[in-house]
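Architecture and fold: a report
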Amino acid sequence: MTCCSPNFSTLVLGFTKDTARFKDELDIMKFICKDFWTTVFKKQIDNLRTNHQGIYVLQDNKFRLLTQISAGKQYLEHAPKYLAFTCGLIRGGLSNLGIKSIVTAEVSSMPACKFQVMIQKM
């Protein structure tokens, strides 16, 4: 069973059809942070960091799916539940580009969040 519907696969492949082949996984992550994120969330990721050993951190300082939730502590602890779908989007997009990954999310202050992408070497 795949994690993504055929329509999602078509969406990712459609994004990349006019794009030059990616040199490496960093180029793919830049594509996810710029083009993919802009198409899905109408803005780019605010920050991309890597340890150059297969771990990337994508930070969105004003994540659209969290902007309508109150910043109170009781909401902060439930905020990661709202990020599960986006973790799946990132993982599915990377999978369709040939990269297997584990994606997790954290929220330390609303509406900012971080997605950690750990590349799994095949």
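Our subject is the structure listed above.
In short, a report on the structure. Quantities reported herein were computed from a predicted structural model and do not represent experimental measurements. Here, residues in each chain are numbered from 1, in the same order as that chain's written sequence. Two thresholds apply to this predicted model, a pLDDT of at least 70 for residue-level local features and 80 or more for giving and counting side-chain atom pairs, whereas whole-chain, interface and lining totals are computed over all residues. Computation of side-chain values covers all heavy atoms of the structure but excludes hydrogens and water.

**What about the nonpolar core?**
Membership of the largest hydrophobic core comes to 29 residues, with the highest contact counts inside it found for Leu58, Phe63, Leu66, Leu94, Phe115 and Val117. Contributions of two or more residues to this core are made by helix 2 (25-41), strand 2 (55-60), helix 4 (84-96) and strand 4 (113-120). Contact definition: two residues touch when any of their heavy atoms are within 4.5 Å. Excluding residues that lie within four positions of it along the chain, Phe115 makes contacts with Trp37, Tyr56, Val57, Leu58, Phe63, Leu83, Thr86, Cys87, Ile90, Thr104 and Ala105. Nonpolar core, defined: a set of buried Ala, Val, Leu, Ile, Met, Phe, Trp, Tyr and Cys residues in which side-chain atoms within 4.5 Å join the residues together. Only protein chains enter the calculation, and the probe is 1.4 Å; a residue is then buried if its accessible area is under 20% of its type maximum, exposed if over 50%, and partly exposed in between. Put simply, DSSP marks the helices as runs of H or I at least four residues long and the strands as runs of E at least two long, and each gets a number from the N terminus on.

**Description of the pairing of strand 4**
Here strand 4 shows a clear split, with Cys113, Phe115, Val117 and Ile119 buried on one side and none of Lys114, Gln116, Met118 and Gln120 buried on the other. Examined bridge by bridge, strand 2 and strand 4 share six bridges and lie antiparallel to one another. Directly across from Gln59, in strand 4, lies its bridge partner Lys114. Looking at chain direction, strand 3 (residues 100-106) and strand 4 are connected through seven bridges and run antiparallel. Counterpart to Ile102 in the pairing with strand 4 is Met118. A pair of strands is considered paired only if DSSP assigns at least 2 bridges between the two. Linking two consecutive strands that pair antiparallel, namely strand 3 and strand 4, is a turn of six residues.

**Considerations on the packing of aromatic side chains**
Pairing of aromatic rings covers Phe, Tyr and the six-membered ring of Trp, with a centre-to-centre limit of 6.5 Å; geometry is then stacked below 30 degrees between planes, edge-to-face above 60, and tilted otherwise. Counted by the stated rule, this structure contains six aromatic pairs. Seen from their ring centres, Trp37 and Phe63 are 6.1 Å apart, and the 40° between their planes marks the pair as tilted. Of this pair, Trp37 sits in helix 2 while Phe63 sits in the loop between strand 2 and helix 3 (73-76), placing them 26 residues apart in sequence. We note that Trp37, like Phe63, is buried.

**What to know about the packing of helix 2 against helix 4**
In this description, a line fitted to the C-alpha atoms serves as the axis of each element, helices being fitted only across the stretch in contact, and the angle between N-to-C directions of two axes falls anywhere from 0 to 180 degrees. With their axes 11 Å apart at the nearest point, helix 2 and helix 4 run at an angle of 130° to one another. The angle between helix 2 and helix 4 places the two elements in the oblique class. The two elements helix 2 and helix 4 meet at a crossing, and its hand is right-handed. Here helix 2 contributes Ile28, Met29, Ile32, Phe36, Trp37, Val40 and Phe41 to the contact with helix 4, which in turn contributes Thr86, Leu89, Ile90 and Leu94. Residue composition of the contact of helix 2 with helix 4, by class: ten nonpolar, one polar and no charged. Roughly parallel here means an angle under 35 degrees, roughly antiparallel means over 145, roughly perpendicular means 65 to 115, and every remaining angle is called oblique. Here is the rule for handedness: rotate from the far helix to the near one, and if that takes an anticlockwise turn smaller than a right angle the crossing is left-handed, while a clockwise turn gives right-handed. Charged means Asp, Glu, Lys or Arg here, nonpolar means Ala, Val, Leu, Ile, Met, Phe, Trp, Tyr, Cys or Pro, and polar covers whatever is left, Gly included.

**Side note on the pattern of salt bridges**
One side-chain nitrogen of Lys or Arg within 4 Å of one carboxyl oxygen of Asp or Glu is enough to make a salt bridge. For the structure on display, the rule yields three salt bridges. With a closest N to O distance of 3.1 Å, Lys121 and Glu25 form a salt bridge. One end of the pair, Lys121, is in the segment after strand 4; the other, Glu25, is in helix 2, and 96 residues separate them in sequence. According to the relative accessible area criterion, Lys121 is exposed, its value standing at 62%. Measuring nitrogen to oxygen at the nearest pair gives 2.9 Å for the salt bridge that ties Asp60 to Lys43. One end of the pair, Asp60, is in strand 2; the other, Lys43, is in the loop between helix 2 and strand 1 (47-50), with 17 residues separating them in the sequence.

**Focus on helix 2**
Fitting axes to the seven residues that end at a residue and to the seven that start at it, the angle between those axes gives the bend at that residue. Along helix 2, the sharpest change in direction is near 35° and occurs at Ile32. The residue sitting at the N-terminus of helix 2 and contributing the capping side-chain oxygen is Asp24; that oxygen lies 3.3 Å from the backbone nitrogen of Leu26. Positioned one or two residues after helix 2, Lys42 has a phi angle of 65°, which is positive. N or O atoms closer than or at 3.5 Å make up a polar contact, with two conditions inside protein: a donor-capable atom paired with an acceptor-capable one, and, for residues adjacent in sequence, both atoms drawn from side chains.

All we've got here are geometric facts, nothing functional implied.
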